Amino acid sequence: MRLEFTKPASFIRAHSAWFIGALILAAAALPLFISDYWTDVCVFWGINVLLGLSLNIIVGEVGLFNMGQMAFFAIGSYTTAILSERFGVNLWLLIPISGLIAAGAGYILTGPIIHLRGDYLLMVTIGLNEMIRITLINNPFGLTGGPNGLIVLDQFRIFGHVIQRPIDFYYLVWAAVALLLFCLGRLQRSRVGRAWNYVREDPIAAEATGVNTRWAKTLAFTLGAGIAGAAGTIFATKMMVISPDSFTFMESVILFCIVILGGMGSIPGVILASGAMMVLPELLRNFAQYRMLLFGLAMVIMMIFRPQGLWPSRRWMTRLKEGGGE
Amino acid sequence: MTLSAPLLSLGAVSKNFGGLRAVDSFDLNVKEGSITSLIGPNGAGKTTVFNLITGIYRPDSGSITFRSSALIGMLPHQVVEAGIARTFQTLRLFENLTCFENVLAGQHCRCKAGLVACILNTRARQAEEARAHSEAERCLRQLRIWHLRDELARNLSYGDRRRLEIARAMASGPALLILDEPAGGLNERESDELMDIIREIRDSGITVFLIEHDMRVVMGISDHVAVMEYGRKISEGTPEEVQKDPAVIEAYLGTDDEDEQAEAEADAEAGESVQ
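Here the residue index of a chain counts from 1 through its sequence in written order. Each chain gets a letter, beginning with A, and each ligand a number, beginning with 1, in the order they are written. At least 70 in pLDDT is required for a residue's local features to be given in this predicted model, at least 80 for side-chain atom pairs to be given and counted, and no such filter applies to totals for whole chains, interfaces and linings, which use all residues. With hydrogens and water stripped out, all remaining heavy atoms of the structure feed into the side-chain values.

Enquirer: Provide a residue-level description of the nonpolar core, including the pertinent values.
Expert: Here the nonpolar core consists of buried residues drawn from Ala, Val, Leu, Ile, Met, Phe, Trp, Tyr and Cys, with membership extended through side-chain atoms lying within 4.5 Å. Only protein chains enter the accessibility calculation, which uses a 1.4 Å probe; a residue is then buried when its area is under 20% of its type maximum, exposed when over 50%, and partly exposed in between. In terms of nonpolar packing, the biggest core is built from 134 residues, with Leu187 and Trp196 of chain A together with Leu164 and Leu177 of chain B touching the most fellow members. Shared between two domains, this core takes at least three residues from each, and those domains are domain 1 (1-76 + 178-206 + 215-275) and domain 2 (84-173) of chain B. With near-sequence residues (within four places) excluded, Leu177 of chain B lies in contact with Ala85, Ile166, Ala169, Met170, Ile201, Ile206, Thr207, Val208 and Phe209 of chain B. The next biggest cluster of nonpolar side chains, apart from the first, holds 33 residues, and it includes Val30, Val79, Phe209 and Ala226 of chain B. Residue ranges labeled as domains rest on an automatic or database domain assignment. What makes two residues a contact is simply this: any of their non-hydrogen atoms within 4.5 Å.

Enquirer: Let's hear about the sheet that holds strand β9 (residues 224-229) of chain B: which residues, and what values?
Expert: Residues and elements named next belong to chain B. Strand order in the open sheet formed by six strands is β6-β7-β8-β3-β9-β10, and the pairing between neighbours is mixed. Each of the sheet's edge strands pairs with one partner strand only, and the pair in question is β6 (84-86) and β10 (232-237). Strand after strand, the sheet turns through a mean of 20° between neighbouring axes, direction not considered. Here, strands pair whenever DSSP counts at least two bridges between them. The numbering of helices and of strands both runs from the N terminus, where a helix is a DSSP run of H or I of at least 4 residues and a strand a run of E of at least 2. Pairing of strand β7 (residues 176-180) with strand β8 (residues 207-211) involves five bridges; the strand directions are parallel. For Asp180, the partnering residue across the bridge sits in β8 and is Ile211. An axis is simply a line fitted to the C-alpha atoms; with a helix, the fit covers only the stretch in contact. Between two such axes, the angle follows the N-to-C directions and lies from 0 to 180 degrees. Most of the contacts of helix α1 (residues 46-53) go to β8, to which it runs at about 140°, and overall it touches β3 (35-39), β6, β7, β8 and β9. On the sheet, helix α7 (residues 188-203) packs against β3, β7 and β8 and is oriented at approximately 145° with respect to β8.

Enquirer: Can you lay out the interface of chain A and chain B for me, pointing to particular residues and giving the numbers?
Expert: Opposite the 39 residues of chain A that make contact, chain B presents 47 residues. Both faces combined, the contact of chain A with chain B buries some 3900 Å², and carbon together with sulfur accounts for 61% of it. When residues of chain A are sorted by the area they lose upon contact with chain B, Arg191, Tyr198 and Ile204 of chain A head the list and together hold 19% of the total. By convention in these notes, a salt bridge is any Lys or Arg side-chain nitrogen within 4 Å of a carboxyl oxygen on Asp or Glu. Counting across the interface, chain A meets chain B through two salt bridges. The partner of Arg194 of chain A in a salt bridge is Glu129 of chain B, and the shortest N-O contact between them spans 2.7 Å. Using a 1.4 Å probe, buried area is obtained as the accessible area two parts lose upon being combined, added over both of them.

Enquirer: Any details on the sheet that holds strand β2 (residues 20-30) of chain B? Residues and values, ideally.
Expert: Residue and element names in this part refer to chain B. Spatially, β2-β1-β4-β5 is the arrangement adopted by the four strands of the open sheet, whose pairing is antiparallel. At either margin of the open sheet sits one strand with a lone partner, and together these are β2 and β5 (69-70). Sheet analysis places strand β1 (residues 8-17) next to strand β4 (residues 61-66), joined by five bridges and oriented antiparallel. For Leu10, the partnering residue across the bridge sits in β4 and is Ile64. Against the sheet, α1 makes contact with β1, β2 and β4, and its axis sits at roughly 115° relative to β1, the strand it touches most.

Enquirer: With reference to specific residues and values, describe the packing of aromatic side chains.
Expert: Each Phe, Tyr or Trp ring, with Trp reduced to its six-membered ring, pairs with another whose centre is within 6.5 Å; inter-plane angles below 30 degrees give stacked pairs, above 60 give edge-to-face pairs, and intermediate values give tilted ones. Evaluated as defined, the whole model comprises 14 aromatic pairs over all chains. Considering the side-chain rings of Trp45 of chain A and Trp174 of chain A, the 5.2 Å spacing of their centres and the 80° angle between planes classify their relative orientation as edge-to-face. Note that Trp45 of chain A is positioned in helix α3 (residues 36-61) and Trp174 of chain A in helix α7 (residues 166-188), a separation of 129 residues in sequence. For the pair Phe73 of chain A and Phe247 of chain A, a centre-to-centre distance of 5.6 Å together with 75° between the ring planes defines the contact as edge-to-face. In this pair, Phe73 of chain A sits in helix α4 (residues 70-87) while Phe247 of chain A sits in the loop between β4 (241-242) and α11 (249-262), placing the two residues 174 residues apart along the sequence. Using a relative accessible area of 2% as the deciding quantity, one classes Phe73 of chain A as buried. Joined through ring pairs, the aromatic side chains of Trp45, Tyr170, Tyr171 and Trp174 of chain A make up one cluster. Any Lys NZ or Arg CZ that is within 6 Å of a ring centre and within 35 degrees of that ring's normal is treated as a charge sitting over the ring. The ring of Trp146 of chain B carries Arg149 of chain B above its face, with NZ or CZ at 4.3 Å from the centroid. Geometry around Phe94 of chain B places Arg168 of chain B over its ring, the cationic atom sitting 4.8 Å from the centre.

Enquirer: So what about the side chain of Thr87 of chain B? Which residues, and what values?
Expert: Residues and elements named next belong to chain B. As for its position among the elements, Thr87 is in the loop between β6 and α3 (99-107). Pairing of N or O atoms within 3.5 Å defines a polar contact, subject to two protein rules: one partner must be a possible hydrogen donor and the other a possible acceptor, and residues neighboring in sequence count only if both atoms are side-chain atoms. Polar side-chain contacts of Thr87 include one of 3.2 Å to the backbone nitrogen of Asp180. In contact with Thr87, not counting residues within four places along its chain, are Glu165, Ile166, Ala169, Ile178, Leu179 and Asp180.

Enquirer: A description of helix α8 (residues 191-201) of chain A should follow, citing residues and the corresponding values.
Expert: Residues and elements named next belong to chain A. Extensive coverage of α8 is indicated by the burial of eleven of its eleven residues. Looking only at α8, the buried set comprises Arg191, Val192, Gly193, Arg194, Ala195, Trp196, Asn197, Tyr198, Val199, Arg200 and Glu201. With a side-chain oxygen positioned 3.2 Å from the backbone nitrogen of Val192, the residue opening α8 is Ser190.

Enquirer: Go over helix α6 (residues 158-170) of chain B, please, and point to the residues and values.
Expert: Under the convention used throughout, the expected extent of a helix is 1.5 Å for every residue step, that is, one less than its residue count. Across its 13 residues, α6 of chain B extends 19 Å between first and last C-alpha, which sits within 8% of the 18 Å expected from 1.5 Å per residue. With respect to burial, α6 of chain B is a largely interior element, eleven of its 13 residues being buried. Listed in full, the buried residues belonging to α6 of chain B are Gly159, Arg161, Arg162, Arg163, Leu164, Glu165, Ile166, Ala167, Arg168, Ala169 and Met170 of chain B. Tucked into the core, α6 of chain B has its buried residues touching α9 (203-208) of chain A together with β6, α3, α5 (123-142), β7 and α7 of chain B.

Enquirer: How would you summarise unusual backbone geometry if you had to cite specific residues and measurements?
Expert: A negative phi angle characterises most non-glycine residues, just as the trans form characterises most peptide bonds. Its identity as a non-glycine residue notwithstanding, Phe159 of chain A has a phi of 50°, on the positive side. Mapped onto the elements, Phe159 of chain A comes out in the loop between β2 (156-158) and β3 (161-163). Even without being a glycine, Arg67 of chain B presents a positive backbone phi close to 50°. Checked against the element boundaries, Arg67 of chain B lands in the loop between β4 and β5. Arg67 of chain B sits in the partly exposed class, given a relative accessible area of 48%.

Enquirer: Describe the domain arrangement of chain B, and please don't skip the residues or the numbers.
Expert: Residue and element names in this part refer to chain B. Domain annotation for chain B reports domain 1 (1-76 + 178-206 + 215-275) and domain 2 (84-173). Between domain 1 and domain 2 lies a buried interface of about 1800 Å² when both sides are counted; carbon and sulfur atoms form 57% of it. Arg163 is the partner of Glu193 in a salt bridge, and the nearest nitrogen-oxygen pair spans 2.3 Å. Among the elements of the structure, α1, β7, α7 and α11 (257-274) are those that each provide at least two residues to the side of domain 1 that touches domain 2. Sort the elements by how many residues they give to the side of domain 1 that touches domain 2 and α7 lands first, with six residues. For this scheme, ten residues count as nonpolar: Ala, Val, Leu, Ile, Met, Phe, Trp, Tyr, Cys and Pro. Four count as charged, namely Asp, Glu, Lys and Arg, and the remainder, Gly too, count as polar. Grouping the constituent residues of the side of domain 1 that touches domain 2 by class yields 14 nonpolar, six polar and seven charged.

Below you can see the structure in the form of C-alpha cells.
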C-alpha cells in the first residue's frame, strides 16, 4: 500500500499561505450568506472537528484504538453544567477547567490500560464509554440529574456581547478550531509529535531507540481527553440541555470513523470527514432512516478503494537548508 | 591487558524461559574502545543476552554493570539514555517515516522539550531541535546514506535499511553500540563497507558489541570474541585463539535444527514482552 498524494493537495501545499488566508476569509464570511439553520449545522460541524482532532491525536498520531472518546466529552460537558449552574463559575474559565478535569480523568482511567494494544484497548475504551454514560444516568450524589440530564442557562459574554445566536457560536467554535489547529500543527512538527509517530510505527523499536513509549501514549490520551473536555463546555453551552443520550457508544463510533475516514493522523482529513458526517445527513434528511446503512456502505467502499483516507496525512518532510543543518 | 574497568560487565547472568535455560551463568566483559563479538550456533542465546542488556528482558539472576552502575531493572528507553544503543536482527525501522525522521528518533532522549515548549516553540526548543538535526545529519553522513534522507524507510534497499538502523542507534550518542547481526543478508561488498564503518565508529570512541554469523566479518574486525553454546560461554579470546579452540570447532560442527526453533521462540517472546 503506497501513499499517493493527489494533485490538488500538492497544489494547495505549494501555495499554502494564500490558501489559508482565503480559507479563513471564506469561513469568516460564510455565515453572512447562509441561513441560521445551516449556520447551526456548521457549529456542530466545528464541535465535531474539535472532537475529531482530539481523537486524531490518540488514534491517528499514536495508533491507540480508542472507541470511547465520548466519555471525556461527557465529563467536560457535565463539569461545565455542574460548576456553572451550582457554583456560577464563569464559562470562559470553565473551558480550561473542564479540559483539565477531563484530562485528569483521561490520565487516571488510562493508566492501567495504556499498555494494551490494538483491539484489546478498543474493548476497554468501549467499556469506559458505557461506564461513564451509565454512571451519569444513575445520578451519583444527585449531581448529574439522571436520564434527564442538566441544563446550562449561562451564556458566554465577550465585551458585553452575549454569544447566543448561531452566528455567534459559529465564530466561537471555529476560532477554537483555528487555535487548536495552530497548536496541533506545531506539535506535529516537534519532538512530541515525532515520538507519537514512532510509537505508532513500531512501539518496540521506539522504546529501544530511547522513546519513553508509556509517556508518549499517556500524554496523547491525556491531551486528547482534555481537548474533548474543553469542547464539552462549548457543546453544553450551545445545547443548553445535556443528557447521557448525547454521549452514547454510537457517537464514539462515528467519531472513530471520522478519523479513519479522513486518513489517520491527517488534520485536513478530520475536517473533511467530520464535515461529511455532519453535513451529508442534513442534506439527506429525507433518507434519515437509512443514515446508518449509507454510513456502513461508505465505510466499506472507503476501505476498498481508499484505505489511506480522504486526505492522507502528509509525511512531514524535513526542510534542510542547503549545505546542511545549522 | 588494560587495568581500567570494563565498559560493560555481565556477571553470572542467567535467564530461563519456562524450562529452557536460555542463558546460563554467563560472564563477559566488554572493554572500552574495543570491538567485541559474540558468536555461536543458532539458539545459543546470543540475542537473549542482548535483550537482557538492553532491558527488554530482566535476568533471573546475575549482574549487569555499565560504567560501574547497575542496568538491571531499567526500562529499554532508560538503557538508551544511559548510553547503550542497539539494532535488531530483524530490522525494525519506522517504515512510513523518512530516513531523516527515523534517525531523529535517536535524538529523542537527548532532548527535553515537553508539550508546552513544543506548542510555544520556545528558544530552548529551537536550539535543541537544531542540535538534534545536525546530529542526525552527522549520523546519516557517517553511514553514507545522507542522500536518502527524504526517502521513506520502506523504499530503501536491504543494505541501506541495515545502515539506517545503525544510524538511528548512533544518533542517541551512545558509549556502547550493540549490533545484532549487522552483516546479515549483505553481500560481500556491502559487508566490506560495513566493516569499514564499524571500525570508523570504534575509532570515534564508541565501543561496539556485536552478534554476527559471518565469520569473515567477525574475524576481520573483532578485537575480542566470545563464543556461546546452549546459553553458556564456551570460549573467549582473540579471533585467532577462538578459531583454534577445539570446543568452538565442536560446537560449530554439532548444530542441529532444534536450536533454530529455540531461538525463533525466544525472539517471538522478545517481541511480546515489550508490549
